Amino acid sequence: MTSSGQRRTSPRTRTLLEGCIVYNGGLSRMDCTIRDLSSTGARLVFAQPVRIPAEFELQIPRRRIARRAQIIWYDGRTHGIMFLDRGDEATEGTPAHGEDGSKFPPLGQDTPGVSAILEEARRRIAELLDIPADAIALKVEVTR
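Residues numbered from 1 in each chain as written. Predicted model: local features only at pLDDT ≥ 70, side-chain atom pairs only at ≥ 80, totals over all residues. Heavy atoms only, no water.

Before we move on, can you summarise the sheet that holds strand S3 (residues 41–45) with the specific residues and values?
Spatially, six strands are ordered S1-S2-S3-S6-S5-S4 in a closed barrel, and the strand pairing comes out antiparallel. When strand polarity is set aside, the average angle formed by the axes of neighbouring strands in this sheet is 45 degrees. Pairing geometry for strand S4 (residues 55–60) and strand S5 (residues 65–74), over six bridges, is antiparallel. Bridge assignment links Glu 55 to a residue of S5, and that residue is Gln 70. (Pairing = 2+ DSSP bridges. Helix = DSSP H or I, 4+ residues; strand = E, 2+ residues; numbered from the N terminus. Axes fitted to C-alpha atoms, helices over the stretch in contact; angles between N-to-C directions.)

Account for helix H1 (residues 114–129), naming residues and giving values.
Think of an α-helix as turning once every 3.6 residues; residues three or four places apart then point the same way. For H1, built from 16 residues, the straight-helix expectation of 22 Å at 1.5 Å per residue is met to within 8% by its first-to-last C-alpha distance of 22 Å. Among the residues trailing H1, Asp 130 stands out with phi positive, at a value near 55 degrees. (Expected span 1.5 Å × (residues − 1).)

An account of the confidence of the model for the chain is needed here, citing residue identities and associated values.
Per-residue pLDDT for the chain has a mean of 78; in total, 72% of the residues score no lower than 70. Long-range and interchain partners of residues 1–5, a stretch whose pLDDT sits below 50, account for two contacts in this model, where long-range means more than four residues apart. Taken as a whole, residues 89–110 scores under 50 in pLDDT and shows 40 contacts with residues more than four places along the chain or in a different chain. (pLDDT = per-residue confidence, 0-100. Contact = heavy atoms within 4.5 Å.)

Written out as structure tokens, the structure reads:
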């Protein structure tokens, strides 16, 4: 049994890593500092007090990691998060920078998450327009 001061299910490591949370279907990004990291969660610190979505993707470029996460607690600048995936899935180890040095990984049909984002966008657009989702076709075009 864990003590009242230690509720984590896995050991944490103190870090000073640059991170980025991605939300809003990949359209919004916010930089953060990752101060503690474990296989099940992390402690994120922002430059100023912020409110972030309950669920998002945390990207850690230096470690080539991207994980789905949710907020467990926050106190303005600091947020405790729990990872929603196992960490051994396709997103971990995916390049956080493209071959050309840009912040974006190279896109292809096998890029993890792109098809899920597009499907979610189709569903939301269909709801807004009150039409069937299969009546909507989305195209992704990336210019660098």
